[in-house]
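# Observations on chain architecture
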2 protein chains.
Amino acid sequence: MSALDIFENDSDDTKSAIMRATYHALCEHGYANLTIQRIGDEFAKSKSLLYHHYDSKDELLVDFLEFVLEKFKADIPAEEYDDPCAHLREVLDHVVPPTLDAERYEFTSAMIELRAQAPHDEAYREQFSRNDRFFRQQFADVVRDGVETGAFRDVDPEQAAALLVTTINGSMLERVTTDDAEDAIRATRRELDAYIDSHLLAESGE
Amino acid sequence: MSALDIFENDSDDTKSAIMRATYHALCEHGYANLTIQRIGDEFAKSKSLLYHHYDSKDELLVDFLEFVLEKFKADIPAEEYDDPCAHLREVLDHVVPPTLDAERYEFTSAMIELRAQAPHDEAYREQFSRNDRFFRQQFADVVRDGVETGAFRDVDPEQAAALLVTTINGSMLERVTTDDAEDAIRATRRELDAYIDSHLLAESGE
């Protein structure tokens, strides 16, 4: 679920090219300083195409958020995990890493800036609602599988998923808005592992 | 720790009056549409006082954040809680309520908008770092007391506090940026209760 990989080996159609240009401009300039002109600077094709498709940067960015989510969905491996616990930890390693490289830091900052538009912009709010709902469903499915196979206790999958997604959202927020985020996020992650061990995981021998 | 109560029975000095005006203007206009002029409109005293103290709205808002945190600190009841578990739940009831009235919703939205300035503004970042650090210390103290009295298992107080603060930050973010936040926050809160019961709380009879 890295935000970066999904733009690497992408198809060459106009929509994908616009989305790639948006991604690079967003990482470079942040939300506040982003303009359609600056997205156009990252865009190899005719800039008039951009103005033809979008009236405002917010309209383009909402489309961008939808594109990112659809890419995430398409990139989820179809393979079944034998061990739901290992599966959860692998996803958490990916979305709550202790450190971020510069590009992913900028992308996360931009995501938080976009998210801060949502209280007063319904289109952003709808897209972030879809985003959170999707990740809650994904986590709930993993937990439900674990309960069914007996690897997990008889916990409530939706509740567990809600806590995991809220923790990921909180970590993303802390990451780019506080100075000591690395230590805090490492501690949060260790406590999530402790929660998985003592609350989710069935006791061995059960 | 309600953000609202702290502005109700406040002293009448100039600083407090400026902070009250900032609070009301922020709830009414949000961050993006806030101006020193609009804060002045909420301010009974001479507006020139405002311009005398602050060069920009961001300078004023960073001071405002510090003021809010200091007020929180001053308002924490000095009484000792006998039951650390009840204490944790009471704080969580207060900071992660299932619903928010309109004023507190607007205030939370404004806080998220301010927080979204932090990636590119060191003064905001420092203030939110202090804020999170303070709440982590508060939670860690409660958990440490619980471990010492035997009410809690021998858990890591700093780790538990990091998870609680991250969850609160994530809930605040979800609250104002998604449409189905109430259900999600209720589920997250129930799972936090389950985590407290199964991970923190010492088994009865232990």
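Residues numbered from 1 in each chain as written. Chains lettered and ligands numbered in written order. Predicted model: local features only at pLDDT ≥ 70, side-chain atom pairs only at ≥ 80, totals over all residues. Heavy atoms only, no water.

Under an unreviewed UniProt entry, the name given to chain A is TetR/AcrR family transcriptional regulator, and the organism recorded is Halorussus aquaticus.

### Considering the overall build of chain A
Assigned secondary structure in chain A consists of 9 helices and 0 strands. Expressed as lengths along the three principal axes of its C-alpha atoms, the size of chain A is roughly 65 × 35 × 30 Å. Put simply, chain A has 206 residues, and 54% of those count as buried. By sequence separation, contacts in chain A at least 24 residues apart represent 68% of the contacts at least 6 residues apart. Of the roughly 9200 Å² of accessible surface on chain A, 45% is carried by carbon and sulfur atoms. (Helix = DSSP H or I, 4+ residues; strand = E, 2+ residues; numbered from the N terminus. Buried < 20%, exposed > 50% of the residue type's maximum accessible area, 1.4 Å probe, protein only. Contact = heavy atoms within 4.5 Å. Areas by Shrake-Rupley, 256 points an atom, 1.4 Å probe, with all protein chains shown as cover.)

### A closer look at the interface of chain B and chain A
Taken residue by residue, the interface counts 44 residues in chain B and 44 residues in chain A. In this assembly, chain B packs against chain A so that about 3900 Å² is buried in total across both faces, 55% of it on carbon and sulfur atoms. Where chain B meets chain A, there are 6 salt bridges. Scanning the region where chain B abuts chain A turns up 26 residue pairs in polar contact (both at pLDDT 80 or more). Within the residue set of the side of chain B that touches chain A, elements represented by two or more residues are helix H6 (102-115), helix H7 (122-149), helix H8 (157-177) and helix H9 (181-200) of chain B. At 14 residues, the largest contribution of residues to the side of chain B that touches chain A is made by H8 of chain B. Looking at the side of chain B that touches chain A residue by residue, the class counts come to 17 nonpolar, 14 polar and 13 charged. (Buried area = accessible area lost by both parts, 1.4 Å probe. Salt bridge = Lys/Arg side-chain N within 4 Å of Asp/Glu carboxyl O. Polar contact = N/O pair within 3.5 Å; in protein donor to acceptor, adjacent residues only side chain to side chain. Nonpolar A, V, L, I, M, F, W, Y, C, P; charged D, E, K, R; others polar.)

### Overview of the domain arrangement of chain A
Residue and element names in this part refer to chain A. Each assigned domain of chain A is listed with its residue range as follows: domain 1 (1-76) and domain 2 (77-206). In this structure, domain 1 and domain 2 have C-alpha centres spaced 25 Å apart. Contact residues are listed per partner, giving 21 residues for domain 1 and 24 residues for domain 2. Between domain 1 and domain 2, roughly 2200 Å² of surface is buried when both sides are summed, and carbon and sulfur atoms account for 75% of that area. Seen at the junction of domain 1 and domain 2, the total is 0 salt bridges. (Domains from an automatic or database assignment.)

### Focus: H6 of chain B
Taking 1.5 Å as the rise per residue, H6 of chain B with 14 residues should run 20 Å; its terminal C-alpha atoms sit 20 Å apart, in good agreement. H6 of chain B sits mainly inside the fold: 10 of its 14 residues count as buried. Buried residues in H6 of chain B make contact with helix H8 (157-177) of chain A together with helix H1 (14-29), helix H4 (57-75), helix H5 (84-95), H7 and H8 of chain B. (Expected span 1.5 Å × (residues − 1).)

### Considerations on the packing of aromatic side chains
Summed over all chains, the structure comprises 7 aromatic pairs over all chains. Ring geometry for Phe134 of chain B and Phe135 of chain B: centres 5.2 Å apart, planes at 70 degrees, overall edge-to-face. Using a relative accessible area of 13% as the deciding quantity, one classes Phe135 of chain B as buried. Here the aromatic residues Tyr23, Phe64 and Phe107 of chain A are joined through ring pairs into a cluster of three or more. The cationic tip of Lys57 of chain A hangs over the ring face of Tyr31 of chain A; the distance from NZ or CZ to the ring centre is 4.0 Å. (Phe/Tyr/Trp six-rings, centres within 6.5 Å; stacked < 30°, edge-to-face > 60°. Lys NZ or Arg CZ within 6 Å of the ring centre and 35° of its normal.)

### With respect to helix H5 (residues 84-95) of chain A
All names here are of chain A. If you check H5, its first and last C-alpha atoms are 17 Å apart, about what 12 residues at 1.5 Å a residue would give, namely 16 Å. Listed as buried for H5 are Pro84, Cys85, His87, Leu88, Val91, Leu92 and Val95. For H5, the angular spread of buried residues about the axis comes to 160 degrees, placing them on one side. Of the surrounding elements, those touching the buried residues of H5 are helix H6 (102-115), helix H7 (122-149), H8 and helix H9 (181-200). (Arc of directions from axis to C-beta.)

### A word on the environment of Ser109 of chain B
Looking at the element boundaries, Ser109 of chain B is found in helix H6. You can call Ser109 of chain B buried: its relative accessible area is 1%. Through-space distance from the C-alpha of Ser109 of chain B to that of Leu49 of chain B is 28 Å; in sequence the pair is 60 residues apart. When sequence neighbours within four positions are dropped, the list of residues in contact with Ser109 of chain B reads Pro119 and His120 of chain A together with Val176 of chain B.

### Examining the pattern of salt bridges
Taken as a whole, this structure holds 30 salt bridges over all chains when the rule is applied. One salt bridge connects Asp93 of chain A with Arg189 of chain A, and the closest N-O pair in it is separated by 2.5 Å. Residue Asp93 of chain A is located in helix H5, and its partner Arg189 of chain A is located in helix H9; the two are separated by 96 residues in the primary sequence. Residue classification places Asp93 of chain A among the partly exposed positions, given a relative accessible area of 44%. Asp193 of chain B is the salt-bridge partner of Arg89 of chain B, the closest N and O atoms lying 2.8 Å from each other. Of the two residues, Arg89 of chain B is situated in helix H5 and Asp193 of chain B in helix H9; the sequence distance between them amounts to 104 residues. Here the salt bridges share partners, and the residues they tie into one network are Arg89, Asp93, Arg189, Asp193 and Asp197 of chain A.

### Considering the packing of helix H1 (residues 14-29) of chain A against H6 of chain A
Residues and elements named next belong to chain A. Closest axis-to-axis distance for the H1/H6 pair is 8 Å, and the angle between their directions is 95 degrees. On the basis of the axis angle, H1 is roughly perpendicular to H6. For the pair H1 and H6, contact is made by Tyr23, Leu26 and Cys27 and by Glu103, Glu106, Phe107, Ala110, Met111 and Leu114, respectively. Looking at the contact of H1 with H6, its residues break down into 7 nonpolar, no polar and 2 charged. (Axes fitted to C-alpha atoms, helices over the stretch in contact; angles between N-to-C directions. Parallel < 35°, antiparallel > 145°, perpendicular 65-115°, else oblique.)

### Description of the relation of the copies chain B and chain A
Here chain B sits on chain A after a turn of 180 degrees about the axis and a move of 0.0 Å along it, with an RMSD of 0.0 Å. Considering both components of the superposition, the chain copies are consistent with a two-fold axis. Closest approach to the rotation axis among the C-alpha atoms of chain B is made by Gly170 of chain B, whose C-alpha sits 1.8 Å away. A symmetric contact is evident, with 100% of the interface residues of chain B recurring at the interface of chain A. (Least-squares fit on C-alpha atoms with pLDDT ≥ 70 in both.)

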